[in-house]
Amino acid sequence: MSPRCSLVVNGKPVRVATGDTPLDSALPRNVAAGRDGVVQDSLLAEALPRLRNTSRARPRLGDGAATRPGPAPSPLAVLRTAKRAGTLLSAKPLSGAVVEMVVTVSRGLDVAPGQAVEVAFAGLPARPYCPTQRIDGNTELNELVFHLRRDQGALGPALGEAVQPGHVVRIKGPAGGTPYRPGPGRLILVSAETGFAPIWAIARAARHLETGREMVVVAGAADADDLYMRPGLDWLRGTGVQQITLAASRDRRGRPDVRHGPVTAHLPTLRDSDTVHVAGPPDIVRAVERLCDSVGATCAALPFLPSRSRARSLVTPGETGAQFGL
């Protein structure tokens, strides 16, 4: 671990590793762009054009997370592809089916919330995944955090057996996806299953960069036992986000905070000024896209698909789809 010192930003202490700039440390993980000449000043965000509706050009996610190109990137989103060596630090269960993987990397990797990286565990095929925050938000600058299901792909079942802490990992990215960008209008964040990973990263970034922007969060799972995102939603409530909904189609324990049905049944009435980020199974994502299309809302879509027996390569520009990991 790199030596660290303390830095106070807006009255709040942050940890700083040797070689990090104060800006790197002040921004949440997956927002800080390193020293590659990337524009980092959030004040410039207001001058950037809005995302165009991406309903007809959506990326897709599988056991990892590979993507298809979204709209033309802004200066805040143009991050150079880089390679990093890493090791698996931990694999912590978040629910019976979902695991939080933490990988330490040799140097920080510039990945914007909503983007993916290609991850290759030694002995397993490379897959794309969307980096996120630890569910408690305490992510270090040299960590990449991923959410995945134990029952999907080659990696999930291998965790704790062939893949244990200390396992060698190769990371390359960014590897597609549609990055979050500050902008006008409401920010509607919709996730199902481990689609919460990129949504959690986007939500934290938005609460740091756009504290006054109205945010609506709808998170769900087929089974209420897999609603692992409660700690993250509690953090958002603590920052002033009031419109948060949990939904599940099956709830054997009858939890009072969980609404019945898919997340699509609990969306707010959309407006043409809204920006919607949605991640999860393709049927959920397609339904949200159609709703956005019907009112002219901006939609950045990340369909997550289960991996096949052989992992696909990352798609090339111009291809019609890509896979991200559940």
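Residues numbered from 1 in each chain as written. Predicted model: local features only at pLDDT ≥ 70, side-chain atom pairs only at ≥ 80, totals over all residues. Heavy atoms only, no water.

J.: Kindly report on the overall build of the protein chain, identifying the contributing residues and their values.
T.: On a plain count of helices and strands, the protein chain comes out with five helices and 14 strands. For the protein chain, the proportion of its 326 residues judged to be buried stands at 57%. Taking all contacts inside the protein chain whose residues are at least 6 apart in sequence as the whole, residues at least 24 apart take part in 70%. Put simply, the protein chain shows about 13,900 Å² of open surface, and 51% of that area lies on carbon and sulfur atoms. (Helix = DSSP H or I, 4+ residues; strand = E, 2+ residues; numbered from the N terminus. Buried < 20%, exposed > 50% of the residue type's maximum accessible area, 1.4 Å probe, protein only. Contact = heavy atoms within 4.5 Å. Areas by Shrake-Rupley, 256 points an atom, 1.4 Å probe, with all protein chains shown as cover.)

J.: Before we move on, could you go through the environment of A301 and cite the residues and values that matter?
T.: Its place among the elements puts A301 in strand β14 (residues 298-303). Measuring from C-alpha to C-alpha, the distance between A301 and P282 comes to 9.3 Å, with 19 residues separating the pair along the chain.

J.: So what about the sheet that holds strand β7 (residues 143-149)? Which residues, and what values?
T.: The pairing of strands in a sheet happens through backbone hydrogen bonds and is either parallel or antiparallel. Read across the open sheet, the six strands follow the order β6-β5-β8-β3-β4-β7; overall the sheet is antiparallel. Single-partner strands in this sheet number two, and they are β6 (127-129) and β7. Averaged over all adjacent pairs, the angle separating strand axes in this sheet is 40°, with direction ignored. With seven bridges joining them, strand β3 (residues 82-93) and strand β4 (residues 98-105) adopt antiparallel strand pairing. The partner of S90 across the bridge, within β4, is V102. (Pairing = 2+ DSSP bridges. Axes fitted to C-alpha atoms, helices over the stretch in contact; angles between N-to-C directions.)

J.: Lay out the sheet that holds strand β13 (residues 275-280) in plain terms, naming residues and giving numbers.
T.: Read from one edge to the other, the open sheet built from six strands follows the order β12-β11-β10-β9-β13-β14, with strand pairing classed as parallel. The strands lining the two open edges of the sheet, one partner per strand, are β12 (258-260) and β14. Sheet twist, expressed as the mean angle between neighbouring strand axes with direction ignored, is 20°. Bridge count for β13 against β14 is six bridges, and the pairing is parallel. Bridge pairing in β14 links T275 to T298. Each of β9 (187-192), β10 (215-223), β13 and β14 touches helix α3 (residues 196-209); the most contacted strand, β9, lies at about 155° to it. The strands touched by helix α5 (residues 282-295) within the sheet are β9, β13 and β14, with β14 carrying the most contacts at an inclination of about 170°.

J.: Explain the side chain of Q133 to me, and be specific about the residues and the numbers.
T.: Checked against the element boundaries, Q133 lands in the loop between β6 and β7. Residue class for Q133 comes out buried when judged on its relative accessible area of 3%. Side-chain polar atoms of Q133 contact the side chain of T139, separated by 3.5 Å. (Polar contact = N/O pair within 3.5 Å; in protein donor to acceptor, adjacent residues only side chain to side chain.)

J.: So what about α5? Which residues, and what values?
T.: Across its 14 residues, α5 extends 20 Å between first and last C-alpha, which sits within 8% of the 20 Å expected from 1.5 Å per residue. Buried residues in α5 make contact with β9, β13 and β14. Of the residues flanking the end of α5, it is G296, one or two places downstream, whose phi is positive at about 85°. (Expected span 1.5 Å × (residues − 1).)

J.: How would you sum up the pattern of salt bridges? Please name residues and give values.
T.: Between side chains of opposite charge, a pair can form when the charged atoms approach closely. Applying the stated criterion across every chain, the model contains 15 salt bridges. A salt bridge links D274 to R186; the nearest nitrogen and oxygen atoms lie 2.7 Å apart. Taken together, the residues span a long stretch of sequence, with D274 in the loop between β12 and β13 and R186 in the loop between β8 (168-173) and β9 at a distance of 88 residues. By the burial criterion, D274 is buried, and R186 matches it. The partner of R252 in a salt bridge is D223, and the shortest N-O contact between them spans 3.0 Å. Remark: D223 occurs in strand β10 and R252 occurs in the loop between β11 (243-250) and β12; sequence separation between them is 29 residues. Given a relative accessible area of 60%, R252 falls into the exposed group. One network of salt bridges, in which partners are shared, links D223, D225, R250, D251, R252, R253 and R255. (Salt bridge = Lys/Arg side-chain N within 4 Å of Asp/Glu carboxyl O.)

J.: Describe the nonpolar core, listing the residues and the values that go with them.
T.: Counting 33 residues, the largest nonpolar core has F196, M215 and L236 as its most contacted members. Among the elements of the structure, β9, α3, β10, α4 (230-238) and β11 are those that each provide at least two residues to this core. Looking at this core, the element that brings in the most residues is α3, giving seven residues. Dropping the residues within four chain positions of it, L236 is found in contact with W200, A203, R207, M215, V217, V241 and I244. One finds M101, V103, Y129 and V163 within the second-largest nonpolar core, a separate group that totals 21 residues. (Core = buried A, V, L, I, M, F, W, Y, C linked by side-chain atoms within 4.5 Å.)

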